[in-house]
Amino acid sequence: TTVIWTCRGCKKGDHVCLKMLRRDKHRCVCSHSLEDHDHRGYSCSVEGCECGRFRYLLRLGKVAARCECKHKHLDHSPTPPYACRRSICNCKEFRSSMQCPCGHAWSQHETSFTRKRYPKGTKEWVAVSSSSTSTNDSSSNRQSSSYARNASSAT
């Protein structure tokens, strides 16, 4: 089983943004790696974790996506809708404005599971910034390429 991160906002043919080919490399909203979840990506094996299903958490470098309430994912429940646990916060759902290289927000994506096998050497990050495909401006191309490199090094 391969875990993929798909985007509901992208065209149907281009909806796979990330193929998680290394189970030790990617983190869930519960903060544990894909490797810490069973082979199908469901229950987390870390003792005391309430997570019932792996859901990819976008990172840029070492910085994980934060919720719009400004609290970290660790301050939120590891189960949907990932309500904030901070007593001073009324946030009912983890929502991050951090964007994938495809140009859509984390909330537009979902973690899916497929039996498709990818050949050795397949790139994990396949999303490309929409700005790099819609303009010939070399500065936006450099910026989106830099973002994709940083996103891939984070995972």
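To start, this report covers the structure provided alongside it. Here the residue index of a chain counts from 1 through its sequence in written order. Confidence filtering applies because this is a predicted model: local features only for residues at pLDDT of at least 70, side-chain atom pairs given and counted only at 80 or more, and all residues used for totals across whole chains, interfaces and linings. For the side-chain quantities, the full set of heavy atoms in the structure was used; hydrogens and water were omitted.

The next thing to look at is the pattern of salt bridges. Salt bridges are counted wherever a side-chain nitrogen of Lys or Arg sits within 4 Å of a carboxyl oxygen of Asp or Glu. In this structure the tally under the stated criterion is six salt bridges. A salt bridge links Asp-24 to Arg-22; the nearest nitrogen and oxygen atoms lie 3.1 Å apart. For the exposure calls, accessible area comes from a 1.4 Å probe over protein chains only, and a residue counts as buried if that area is under 20% of its type's maximum, exposed if over 50%, partly exposed in between. Arg-22 gets classed as partly exposed once you look at its relative accessible area, which sits at 44%. Between Arg-85 and Glu-50 there is a salt bridge; the shortest N-O distance is 3.5 Å. With Arg-85 in the loop between β4 (63-64) and β5 (109-114) and Glu-50 in the loop between β2 (16-20) and β3 (59-60), this pair connects stretches of sequence that are 35 residues apart. Put simply, DSSP H or I for four residues or longer makes a helix, DSSP E for two residues or longer makes a strand, and each gets a number counted from the N terminus.

So, about unusual backbone geometry. Backbone torsion omega between Pro-80 and Pro-81 reads 5 degrees, so that peptide bond is classified as cis. Mapped onto the elements, Pro-81 comes out in the loop between β4 and β5. Located in the positive-phi region is Ser-31, a residue other than glycine, with phi close to 85 degrees. Phi at Tyr-82 is positive, roughly 65 degrees, even though this residue is not glycine.

Function cannot be inferred from these measures alone, as they are strictly geometric.
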